[in-house]
Amino acid sequence: VYSNDWAARLFQVRPAAGWRVPANVWGLGITSLLTDISSEMVVTILPVYLVMTSGFAPLLLGVATGLHEGGPLLITWVGGWIADRSGRRKLTAGVGYGLSALCRLGWMIFSGQTMGALAVLVLGDRMGKAVRTAPRDAMISLSVRSEQLATAFGVHRALDAAGAAMGPVLAFVLLWQFPRRFDIIFFTSLIVALLGVAALILLVHEVPVSAQAPALASVPASAHAAASASASTPEPRYASAFAFELFEQPPLRHVLMLAATFGVVTISDAFVYVLLLQRSNANISWVPLLYTGTAITFLLLAVPIGALADRVGRRAVFICGHIPLLIAYGMVLAGLPVWPWNAVICILLLGSFYASTDGVLASLASSLLPAPSRAMGLAWVDTASSLARLCSSILFGLLWTRAGDVRVLIIFTTSLFIVFISFAAFAREEHSA
Amino acid sequence: VTRARLAFLAACVIAILAIVAYVAMTRARSDLNAAARAAAGPPVHVEPIASVPDAPFIMFRDASPGEFYGRVALMHLPLGPDPDRDTRFMTSLECERVFYAAGWGVCLVLDDTKLPASYVARVFDRTFAPRHTLPLTGPPIRARVSVDGRRAAFTVFESGHSYADESFSTRTTVIDTASGKPLGELEQFTVRKDGQPFKSIDFNFWGLTFARDGDHFYATLRTKGQRFLVKGSIDKREMEVVRADVECPSLSPDETRVVYKKPVGGVLEVGWRLNVLDLASGVEHPLNQQSRSVDDQVDWFDADHIVYHDSAPQGTGVWLLSVDGASPPRLLLRNAYSPAVQH
């Protein structure tokens, strides 16, 4: 299928567009890193905190987790819409980051209060996250040349994953040093969240957009600073409010289908880890370490795989990124290597899956979306894939209780394999670069 | 650009200083919670205690904010007219769930002295000295010790089994207190229903309550969304389904009645109502817990009253309720949790 040209591109030492990404991408990455540290700190201690201070029933813990995981999906899409309509992506993202920081303040004030107050805070945090996702990704994509898109998303996702890995560690260290002082955790979390907002304000500048053909935001990084000073370029309006005309482009429809279809056959990490531990008779308290391990693998591989995607094709890398996932499922199913090696391999496989799909999908979508409606389009892709994953989780949970773990694993692994083969067979490489 | 970066660096420094200052300030104020405690009500009189008294007492986990938060405390019975003015005897133990009977206690707690933090069960004696430590596989929810002190049982919540359909999973273990050895898990016992063998992979057990002989017991079995009251024998490692819709049973001292919580509100399980079941006749009637939902395995305070934890608006703590079905509950001990009555 692939020519020598492909191999030549693969083994080229330097990426076509160079390793360096513009300062704006770093700024957004640092913002995400700090915000993730702040949020993961609280999320990690939440179960312990609720059980220890309020004697909460497991069922309520389940509800809290559900609120956190399920989240308000459609808010993502509202964030994208506002960002594109107003053209003020930084401000829209800033509102999202600010809302989450405000919820941290709520934790300080309402700690030890009713379940209702805590649920509102968890929900508020998730809404903030949903609002900022699309404008942030749009800013990343608009800050770089199109041949560097996946590398830039790789840099951002690496920093984001670093935050997700550091948050729980910081929380544990603090709790270890100051036992039962949950207020210190909440305060630190608030300060780090505010620092994230400061990073957005100080290190990120709004990217001016002119009505251009898809993915031609090829303004050099140095030029942005000058351009942003006079960022009053008139923003084009869409024919329809929700940018449905985006769907008229076959390549974008294809990306949406790709995201949704793979999302449905992907098993949530939580299930993979629990199944792995259960089938190895290992202690359930290892779960947080598995998450951290996966985040570390993700952060180490995000940039190299992003650069690879820019060179050999983002779609190919996204589809092939599901190979490690297939191996992981097969491994859990077969129970081949013994504990703890199966956990180590699983961490590496899931980490490389994230590195080759998460940012790569955003870059693939960005390369196909016209600049003025990019946030909206990215929100559509994000909503499609989140919704698909939610369906997958519900489906998996139902099938697990009805059919048992082995059967449900076989069903999902087979489905993933079929989806993988179908998309790989109908190879349609994008040549947007 | 450079100026913005410098400003961000300055913000980082200020942030670190703010965190350090916060820690220093809250530490310098000798007890941040002292003010809150004073505002919450009359100060509780506290005295240390080194061993279990011979007279009747109620043991519980103290949940008053301050330095004793999470400690196991006990109070002499009978309680005074205003129990919040009685002395709380503080033990050296810190537990999340505690139970005690006849010289043996079980303390379920998060051991965060080493990472990763994990839950453990500690078996302690009448001097509160830990005798055995057993690892737990999840957050603890229920604990019981048999009346003769010979055996203990505890239930933990196995987290993460499946949150999508709200079905949670539990594990109930029975141990020999003197040796600290597990005698088995209820999932390993054989179950019969209407005389026939009854078995399913999704069996979950919780809320074991011992009979006086320390061998027979009642517990909750859940399978396919249905809850059953089971009665069994630990020595024979078997049990039989008694009736449906019973959760967290607690056997009365005279072994004629069981108080349990009954799920209400259908699929979403919005709450639980306490009921008392006469074992001989099979007649049950609801207790007057008013509009509250009670989620606890109750303990019998005396022949006609039970105690349980509830965080009602009138006060969080241990509540006392008559089993007559008419009398309303009364807040017995403020800021107390996991009560165990020793006669």
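If you're wondering where the values come from, they're calculated on a predicted model, not measured in any experiment. (Residues numbered from 1 in each chain as written. Chains lettered and ligands numbered in written order. Predicted model: local features only at pLDDT ≥ 70, side-chain atom pairs only at ≥ 80, totals over all residues. Heavy atoms only, no water.)

Participant: Outline the overall build of chain A, supporting the account with residue identities and numerical values.
Facilitator: Looking only at helices and strands, chain A features 17 helices and zero strands. Residue burial in chain A is summarised as follows: out of 433 residues, 56% are buried. Taking as baseline every contact in chain A between residues at least 6 positions apart, the subset at least 24 positions apart corresponds to 84%. Summed over its atoms, the accessible surface of chain A is roughly 17,100 Å², and 70% of this surface lies on carbon and sulfur atoms. (Helix = DSSP H or I, 4+ residues; strand = E, 2+ residues; numbered from the N terminus. Buried < 20%, exposed > 50% of the residue type's maximum accessible area, 1.4 Å probe, protein only. Contact = heavy atoms within 4.5 Å. Areas by Shrake-Rupley, 256 points an atom, 1.4 Å probe, with all protein chains shown as cover.)

Participant: Can you explain the state of the cysteines? Please cite residues and give values.
Facilitator: Residues and elements named next belong to chain B. In the structure shown here, the tally under the stated rule is one disulfide over all chains. Here Cys95 engages in a disulfide with Cys107; their sulfurs sit 2.0 Å apart. Between Cys95 and Cys107, the disulfide has an S-S torsion of -110° and is therefore left-handed. Here Cys95 is found in the loop between strand 4 (88-94) and strand 5 (97-101), whereas its partner Cys107 is found in strand 6 (residues 104-111), with twelve residues between them in sequence. Cys107 shares its class with Cys95; the two are buried. (Disulfide = S-S within 2.5 Å.)

Participant: Which residues make up the packing of helix 5 (residues 89-110) of chain A against helix 8 (residues 182-203) of chain A, and what values do they have?
Facilitator: Residues and elements named next belong to chain A. Their axes nearest at 8 Å, the elements helix 5 and helix 8 cross at an angle of 165°. By the criterion of interaxial angle, the relationship of helix 5 to helix 8 is roughly antiparallel. Helix 8 is crossed by helix 5, and the crossing has left-handed handedness. Residue-level contacts link Lys90, Ala93, Gly94, Tyr97, Gly98, Ala101, Arg104, Leu105, Trp107 and Met108 of helix 5 to Asp183, Phe186, Phe187, Ser189, Leu190, Ala193, Leu194, Val197, Leu200 and Ile201 of helix 8. Its residues assigned to classes, the contact of helix 5 with helix 8 shows 14 nonpolar, three polar and three charged. (Axes fitted to C-alpha atoms, helices over the stretch in contact; angles between N-to-C directions. Parallel < 35°, antiparallel > 145°, perpendicular 65-115°, else oblique. Left-handed = near helix turned anticlockwise from the far one by under 90°. Nonpolar A, V, L, I, M, F, W, Y, C, P; charged D, E, K, R; others polar.)

Participant: Got a sec to walk through the confidence of the model for chain A? Specific residues and values, please.
Facilitator: For chain A, per-residue confidence averages 80 on the pLDDT scale, and residues scoring 70 or more make up 77% of the total. Here residues 211-237 of chain A scores under 50 on pLDDT; set against residues more than four positions off or in separate chains, the count is 38 contacts. (pLDDT = per-residue confidence, 0-100.)

Participant: Tell me about unusual backbone geometry, residues and numbers included.
Facilitator: Residue and element names in this part refer to chain B. Of note, the bond from Leu77 into Pro78 is cis; its omega dihedral lies within 30 degrees of zero at 0°. With respect to the element layout, Pro78 can be found in the loop between strand 3 (71-76) and strand 4. Positive phi outside glycine occurs at Phe128, with the angle close to 65°. By secondary structure assignment, the location of Phe128 is in the loop between strand 7 (118-124) and strand 8 (130-135). Positive phi, normally seen in glycine, also occurs at Cys248, with a value near 50°. With respect to the secondary-structure elements, Cys248 resides in strand 19 (residues 247-251). With relative accessibility at 1%, the residue Cys248 sits in the buried group.

Participant: Requested: an account of the sheet that holds strand 8 of chain B, with residues and values cited.
Facilitator: Residue and element names in this part refer to chain B. Across the sheet, which stays open at both edges, the four strands sit in the order 5-6-7-8 with antiparallel pairing between neighbours. Each of the sheet's edge strands pairs with one partner strand only, and the pair in question is strand 5 and strand 8. Direction aside, the axes of adjacent strands within the sheet are offset by 20° on average. (Pairing = 2+ DSSP bridges.)

Participant: Mind laying out the pairing of strand 8 of chain B, listing which residues take part and the relevant values?
Facilitator: Residue and element names in this part refer to chain B. Note that strand 7 and strand 8 share five bridges and pair antiparallel. Among the inter-strand pairings, Arg122 is bridged to a residue of strand 8, identified as Thr133. Here strand 7 folds back onto strand 8 in antiparallel fashion, the turn holding five residues, of which Phe128 has a positive phi close to 65°.

Participant: Can you tell me about the sheet that holds strand 11 (residues 169-176) of chain B, naming the residues and giving the values?
Facilitator: Sheet strands line up and pair through hydrogen bonds in the backbone, either parallel or antiparallel. All names here are of chain B. Here we have four strands laid out as an open sheet, ordered 9-10-11-12, and antiparallel in their pairing. Since the sheet does not close on itself, it has two edges, and those belong to strand 9 (140-145) and strand 12 (182-185), each with one partner. Between one strand axis and the next, the sheet turns through 20° on average, direction left out of account. Relative to strand 11, strand 10 (residues 151-158) runs antiparallel, the two being bridged by eight bridges.

Participant: Describe the packing of aromatic side chains, listing the residues and the values that go with them.
Facilitator: In the structure shown here, the tally under the stated rule is 17 aromatic pairs over all chains. Both rings, one in Phe271(A) and one in Phe396(A), keep their centres 4.7 Å apart while their planes meet at 35°; by these two values the pair is tilted. Of the two residues, Phe271(A) sits in helix 11 (residues 269-279) while Phe396(A) sits in helix 16 (residues 374-403), which places them 125 residues apart along the sequence. Judged on exposure class, the residue Phe271(A) and its partner Phe396(A) are both buried. Both rings, one in Phe198(B) and one in Phe228(B), keep their centres 6.1 Å apart while their planes meet at 85°; by these two values the pair is edge-to-face. Of the two residues, Phe198(B) sits in strand 14 (residues 196-198) while Phe228(B) sits in strand 17 (residues 226-233), which places them 30 residues apart along the sequence. An aromatic cluster of three or more residues is present, and its members are Phe57(B), Tyr100(B), Phe124(B) and Phe128(B). (Phe/Tyr/Trp six-rings, centres within 6.5 Å; stacked < 30°, edge-to-face > 60°.)

Participant: Give me helix 17 (residues 405-425) of chain A: which residues, what numbers.
Facilitator: Residues and elements named next belong to chain A. In this model, helix 17 (21 residues) spans 30 Å end to end at C-alpha, consistent with the 30 Å of a helix rising 1.5 Å per residue. Buried within helix 17 are the following residues: Asp405, Val408, Leu409, Phe412, Thr413, Leu416, Val419, Phe420 and Phe423. Buried residues of helix 17, viewed axially, fall in a sector of 130°; they line one side. Facing away from the buried side of helix 17, by more than 90 degrees, are the exposed residues Arg407, Ile418 and Ala425. On its buried side, helix 17 packs onto helix 10 (250-265), helix 11, helix 13 (314-320), helix 14 (322-334) and helix 16. (Expected span 1.5 Å × (residues − 1). Arc of directions from axis to C-beta.)

Participant: Can you lay out the side chain of Thr170(B) for me, pointing to particular residues and giving the numbers?
Facilitator: Residue and element names in this part refer to chain B. Here Thr170 shows up in strand 11. Look at Thr170 and you get buried, because its relative accessible area is 1%. Here the side chain of Thr170 touches Phe205 through a polar contact of 2.8 Å, landing on its backbone oxygen. Among all residues touching Thr170, those that are not within four sequence positions of it are Ile141, Thr155, Val156, Glu158, Glu187, Asn204, Phe205 and Trp206. (Polar contact = N/O pair within 3.5 Å; in protein donor to acceptor, adjacent residues only side chain to side chain.)

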